[in-house]
Amino acid sequence: MPDWSYHTIFKPILHRLQPSFSREFIHRGMSMIASSSFGEKIIELLGQMAPSPQLEKSLFGVSFASPIGLSGKIDPQLSGLAAFQNLGFGFVEIGPVSVSGSLLTEEHYVDPKQERIDGNDVFPIKLLKVKNQLQALKKKKMPFFIRVEGTFQEMVQICLELHPFSDGYIMDYRTFESANQYTLLQDKIRKPIIIACTAESILDIEKIVNFYPCGILLDECNTAQEMIDAVAAIRNKFGDELPIITSGGIKEPADALTLLDKGVSLIMLSFEYVFTGPGLPKRINEAYCTRFLRESAPSPGWLWYWMVGLAITIAGLIALFFSMTVIILPYDEVFLGVIRSEIHKFNPAIIYFMAHDRMTLSGTMISGGIIFMQMAWHGVRKGLVWARKAINYAGIIGFLGIFLFIGYGYFDWLHALFWLILLPLFFLGYSKSKETKGAPISSNLFNHRYWKWSLIGQLSFVLLGFALTFGGLVISVIGASSVFVPTDLSFLCITQEMLNEFNDRLIPVIAHDRAGFGSALLSVGLLVLMLALWGIREGDSWVWWTFFLGAIPAFLSGLLTHFTIGYTDFVHLLPAYIAVILYINGVIWTAPFLLKKGRNITQTFPYKNEI
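Just so it is clear, the structure is predicted and the values come from calculations on it, not from any experiment.

(A) Spotlight on the packing of helix α16 (residues 348-378) against helix α24 (residues 541-565). For the pair α16 and α24, the least separation of the axes is 8 Å and the interaxial angle reads 175°. In terms of orientation, α16 lies roughly antiparallel with respect to α24. In terms of residue class, the contact of α16 with α24 is made up of 13 nonpolar, 13 polar and no charged.

(B) Spotlight on the state of the cysteines. Applying the stated rule across the entire model yields zero disulfides. The thiol of Cys159 is not disulfide-bonded; the next cysteine sulfur, from Cys214, is found 12 Å away. Judged by relative accessible area, Cys159 falls into the buried class, the value being 0%.

(C) Representation of the side chain of Thr561 within the structure. Mapped onto the fold, Thr561 is located in helix α24. Since its relative accessible area comes to 3%, Thr561 is described here as buried. When neighbours within four sequence positions are excluded, Thr561 is seen to be in contact with Ala355, His356, Met359 and Leu556.

(D) Structural detail: the packing of helix α1 (residues 3-14) against helix α20 (residues 449-479). It is at 9 Å that the axes of α1 and α20 come closest, and there the two elements cross at 100°. With respect to each other, α1 and α20 are oriented roughly perpendicular. Along its contact with α1, which presents Asp3, Trp4, His7, Thr8 and Ile9, the element α20 presents Trp451, Leu455, Ile456, Gln458, Leu459 and Val462. When the residues that make up the contact of α1 with α20 are grouped by side-chain class, the tally is seven nonpolar, three polar and one charged.

(E) Region of interest: α1. Here α1 contains 12 residues, and its C-alpha end-to-end distance of 14 Å is more than 12% below the 16 Å for a straight helix at 1.5 Å per residue. Summarising the contacts, the buried residues of α1 are in contact with α2 (19-34), α3 (37-47), α11 (272-276), α12 (280-288), α20 and α23 (506-534).

(F) Broad picture of the environment of Leu336. Within the element layout of this structure, Leu336 appears in helix α14 (residues 330-336). Judged by relative accessible area, Leu336 falls into the buried class, the value being 7%. Sequence separation between Leu336 and Gln225 is 111 residues; the distance between their C-alpha atoms is 79 Å. Setting aside its immediate chain neighbours within four residues, Leu336 contacts Ile343, Asn503, Arg505, Leu506 and Val509.

(G) Broad picture of the pattern of salt bridges. Taken as a whole and assessed by the stated rule, the structure comprises 17 salt bridges. A salt bridge links Glu24 to Arg28; the shortest N-O distance between them is 3.3 Å. You can see Glu24 and its partner Arg28 sitting in helix α2, four residues apart, about one turn around the helix. We classify Glu24 as buried; its relative accessible area is 12%. Given the relative accessible area of 53%, Arg28 is considered exposed. The partner of Glu161 in a salt bridge is Lys131, with the nearest N and O atoms 3.5 Å apart. Here the residue Glu161 occupies a position in helix α6 (residues 152-161), and Lys131 occupies one in helix α5 (residues 127-136), the gap between them amounting to 30 residues. Residue class for Glu161 comes out partly exposed when judged on its relative accessible area of 29%.

(H) Here's a closer look at the side chain of Ser476. With respect to the element layout, Ser476 can be found in helix α20. Note on Ser476: relative accessible area 5%, which makes it buried.

(I) Here's a closer look at the pairing of strand β11 (residues 215-218). Side chains Gly215 and Leu217 project from β11 onto one buried face, and the interleaved Ile216 and Leu218 project onto a second face that is buried too. Summarising the sheet, strand β10 (residues 193-197) and β11 pair through four bridges and their orientation is parallel. Across the sheet, residue Cys197 finds its bridge partner in β11, namely Leu218. Where β11 lies against strand β12 (residues 244-247), three bridges are found, and the strand directions are parallel. Bridge pairing in β12 places Ile216 opposite Ile244.

(J) Focus on a nonpolar patch on the surface. Taken together, the side chains of Trp545, Leu549, Ile552, Leu556, Leu560 and Leu595 define a hydrophobic patch exposed on the protein surface, amounting to about 510 Å² of accessible area. With respect to the element layout, Leu556 can be found in helix α24.

The rules behind the values
- Residues numbered from 1 in each chain as written.
- Predicted model: local features only at pLDDT ≥ 70, side-chain atom pairs only at ≥ 80, totals over all residues.
- Heavy atoms only, no water.
- Axes fitted to C-alpha atoms, helices over the stretch in contact; angles between N-to-C directions.
- Helix = DSSP H or I, 4+ residues; strand = E, 2+ residues; numbered from the N terminus.
- Parallel < 35°, antiparallel > 145°, perpendicular 65-115°, else oblique.
- Nonpolar A, V, L, I, M, F, W, Y, C, P; charged D, E, K, R; others polar.
- Disulfide = S-S within 2.5 Å.
- Buried < 20%, exposed > 50% of the residue type's maximum accessible area, 1.4 Å probe, protein only.
- Contact = heavy atoms within 4.5 Å.
- Expected span 1.5 Å × (residues − 1).
- Salt bridge = Lys/Arg side-chain N within 4 Å of Asp/Glu carboxyl O.
- Pairing = 2+ DSSP bridges.
- Patch = residues over 30% accessible without salt bridge, like charges linked within 9 Å, V, L, I, M, F, W, Y side chains within 5 Å.
- Areas by Shrake-Rupley, 256 points an atom, 1.4 Å probe, with all protein chains shown as cover.

Here's what the structure looks like:
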């Protein structure tokens with residue numbers, strides 16, 4: 001559930017329902033999707049949430065993919081554990097856990113205006129339930145810290161029973177009668193025990209010092225400054241080597257970066273995560289990556305990808321010229337066995353209809369070429385792996401479209417020549433960019449209004465991408481099967497049987513045009529969709545210009561052609577009208593966010609741990 005769907009659709013609805021119901025609905029739904037390999041791929045496709053390897057670090061002898069974790073308060077029933085392992089976190093807290101659990105029920109109250117959750121604290125989960133949940137978990141993809149409550153003997157029991165699942169334990173320092181108890185338990189379980197305290201507990205820091213703790217967890221503080229002061233007090237007493245974890249107080253990326261810059265080792269998101277949205281860990285990870293920037297050489301494959309886009313654009317312009325002039329080329333006439341004037345004499349609408357198909361194809365090609373070149377220049381050239389993925393997915397689908405042409409019995413030599421020119425260029429781009437591994441960074445630090453507006457625009461672009469992809473798929477299927485939709489035959493004022501009687505090769509030529517347009521639209525739709533899903537970041541103006549300029553040729557050729565030839569059936573053009581509305585909405589709502597002036601943030605970094 002990315003931010004563009006959470007804030008625009010789900011959050012306004014769920015915040016009107018009982019908090020526990022809303023939470024379980026979201027967590028169980030996401031975990032059901034994440035429970036299969038295919039579902040995990042869907043989550044990755046929608047959000048590209050995985051942290052950059054640049055952020056990987058090691059503490060307590062444990063490797064963390066990111067310093068950002070999730071507090072157990074967010075998922076007290078462990079119903080979302082499978083999902084949270086795919087949302088950009090580096091670790092997850094489980095619990096609190098006690099032997100018998102709690103008979104009390106939670107009564108949280110959500111205040112959306114103040115962005116606050118009030119009510120009872122999170123009650124302990126029964127040990128047996130936690131053990132069963134962890135045993136049922138299909139994959140453990142990140143470290144788990146288990147918060148333990150109870151008497152000393154109960155804590156020993158919990159630690160031993162959950163030992164196979166835990167990478168460390170969190171315990172309140174007040175549960176130990178002496179430092180010797182802490183040492184005894186540490187020796188018994190041989191996994192890190194992190195001492196939990198609050199800002200007020202720092203006044204009792206001398207008692208904590210006697211524990212010689214593996215690490216300290218600083219729990220909820222009233223203000224960010226209170227947390228910063230507590231961190232400074234701990235650092236002053238223990239030095240820079242002791243790992244410090246904080247929980248809560250992170251409403252936006254700037255809060256997390258402030259704590260990390262002040263010496264915090266790991267950060268757990270708490271109730272604020274509910275209001276800021278599931279994209280918060282990704283936003284923090286991308287913002288934190290700015291601390292480790294290094295110049296990198298351009299990816300060598302970008303030029304070949306860019307040349308593919310240029311070739312597509314030029315081919316689209318050539319096709320546009322022919323569609324506005326001769327329409328039917330000499331080799332078409334050779335295949336048909338009739339010349340253009342004979343077709344026009346039989347039914348002029350056939351010529352206009354073929355011009356309409358070929359002009360919409362040319363506009364789609366020009367738009368696709370523009371997006372291809374933009375992604376190659378601004379994405380692949382700067383080492384962004386998401387841009388390479390988008391180009392490869394769309395490119396491979398586009399090349400596979402050749403089989404649609406062959407399947408209906410007509411494949412012209414110009415398409416074959418074009419395919420033979422593009423394929424080597426694409427292959428060179430693919431092979432020479434294999435080492436592209438850079439992840440994006442972001443300068444977005446605050447939950448300002450432009451960021452919130454951009455989510456509305458991003459939703460529009462995502463819907464546009466899905467619509468174009470689906471439309472391309474439908475047109476491809478129609479082109480390879482029935483060829484015409486009812487409105488087509490109404491415009492032509494003719495039946496397929498009459499067309500076959502006139503020339504039995506005419507429908508294969510029309511089907512060839514339709515299949516070509518369908519595969520081109522499918523490829524361009526994928527480019528738009530992946531750019532919308534993966535590319536929208538504050539200050540990346542090239543993304544806005546790609547959307548803005550890239551769509552114009554396709555929309556102009558598609559709509560103007562229909563009105564020029566008089567094919568203006570409302571039902572037939574309704575998908576195009578909806579696409580234009582989505583496009584305009586996306587352009588307007590994302591402009592302040594994407595066009596925000598500032599330093600160029602589209603930089604990359606190598607895969608190397610320098611933390």
